[in-house]
Amino acid sequence: MPTPDQIALADQFAAAEAEADMRLADFDGEETHLLPLSGTWLYEYVTAMEQAVREKTGRVCAHLGRSPAVMYTAVWMPTTLVCLTCTPVLALSDPQRIHCYRCDKRKWPLNEGIARAGNVLMSFLICDPCGHITGVITQKGVPA
Ligand SMILES: [Zn+2]
Ligand SMILES: [Zn+2]
């Protein structure tokens, strides 16, 4: 039997996941390809993120408390987790980090997208060929 605390925590997680889904819908646009799943080519980044959370080695913004909330990260810094207000921290300013995160090539155009893993929203970059292989892009300019 789960304790009332465990039930409350599970409820908070479910609420955070539902909110993450809503935020994901807000990002929907021409340049954004939504990928509401993990366990694909993003797996290594999601794993790095989860490990950092588990081992408390990641960089977490001061606004994220102990209770589950929507968190933001990016494949170019998967061990950094921030709240919505702190998302500028994730800005892709370093040219070294601008490449396809599936094939590691600097191939244009690069498509921006966001994937959801539980209550975490992860931004990513993917080139056109990789986008088609993975099904992230079903048709040019049309989110999968
Ligand atoms: Zn914050
Ligand atoms: Zn690629």
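Just so it is clear, the model here is predicted, and its values are computed rather than measured.

Engineer: Run through the coordination of the zinc ion (ligand 2), naming residues and quoting values.
Structural biologist: For the zinc ion (ligand 2), the full set of protein donor atoms is Cys 100 (SG), Cys 103 (SG), Cys 127 (SG) and Cys 130 (SG), and the range of their distances to it is 2.3 Å. Around the zinc ion (ligand 2) sit four donor atoms, and with donor-metal-donor angles ranging over 102 to 118 degrees the site reads as tetrahedral. Each donor residue of the zinc ion (ligand 2) belongs to the same chain, and together they define the spacing C-x2-C-x23-C-x2-C. In this pair, Cys 100 is assigned in the loop between strand S4 (77-82) and strand S5 (110-117) and Cys 130 in helix H3 (residues 128-134), connecting sequence segments 30 residues apart. Of the two residues, Cys 100 and Cys 130, both sit in the buried class.

Engineer: Would you mind going over helix H1 (residues 4-26) in detail, with residue names and values included?
Structural biologist: Given a rise of 1.5 Å per residue, 23 residues ought to cover 33 Å, and the 33 Å separating the end C-alpha atoms of H1 matches this to within 8%. Within H1, the full set of buried residues consists of Ala 16, Ala 20 and Leu 24.

Engineer: With reference to specific residues and values, describe the pattern of salt bridges.
Structural biologist: Side chains bearing opposite charge may pair, as long as their charged atoms lie close to each other. The tally for this structure, following the rule as stated, stands at two salt bridges. With a closest N to O distance of 2.4 Å, Glu 19 and Arg 23 form a salt bridge. Here Glu 19 pairs with Arg 23, and both are found in helix H1, just four residues apart, close to one helical turn. Accessibility expressed as a relative area gives 22% for Arg 23, which makes it partly exposed. Put simply, Arg 116 and Asp 21 hold a salt bridge, and the shortest N to O gap is 2.9 Å. A residue pair is termed long-range when its members are at least 10 positions apart, and Arg 116 in strand S5 and Asp 21 in helix H1 qualify at 95 residues. For Arg 116, a relative accessible area of 17% translates into the label buried. On the accessibility criterion, Asp 21 (37% relative accessible area) is partly exposed.

What counts and how
Residues numbered from 1 in each chain as written. Chains lettered and ligands numbered in written order. Predicted model: local features only at pLDDT ≥ 70, side-chain atom pairs only at ≥ 80, totals over all residues. Heavy atoms only, no water. Donors = N, O, S within 2.8 Å, 3.2 Å for Na, K, Ca; no water. Tetrahedral: all angles 85-135°; square planar, octahedral: opposite > 155°, others 65-115°. Helix = DSSP H or I, 4+ residues; strand = E, 2+ residues; numbered from the N terminus. Buried < 20%, exposed > 50% of the residue type's maximum accessible area, 1.4 Å probe, protein only. Expected span 1.5 Å × (residues − 1). Salt bridge = Lys/Arg side-chain N within 4 Å of Asp/Glu carboxyl O.

Function-wise, these values are silent; they only describe arrangement.
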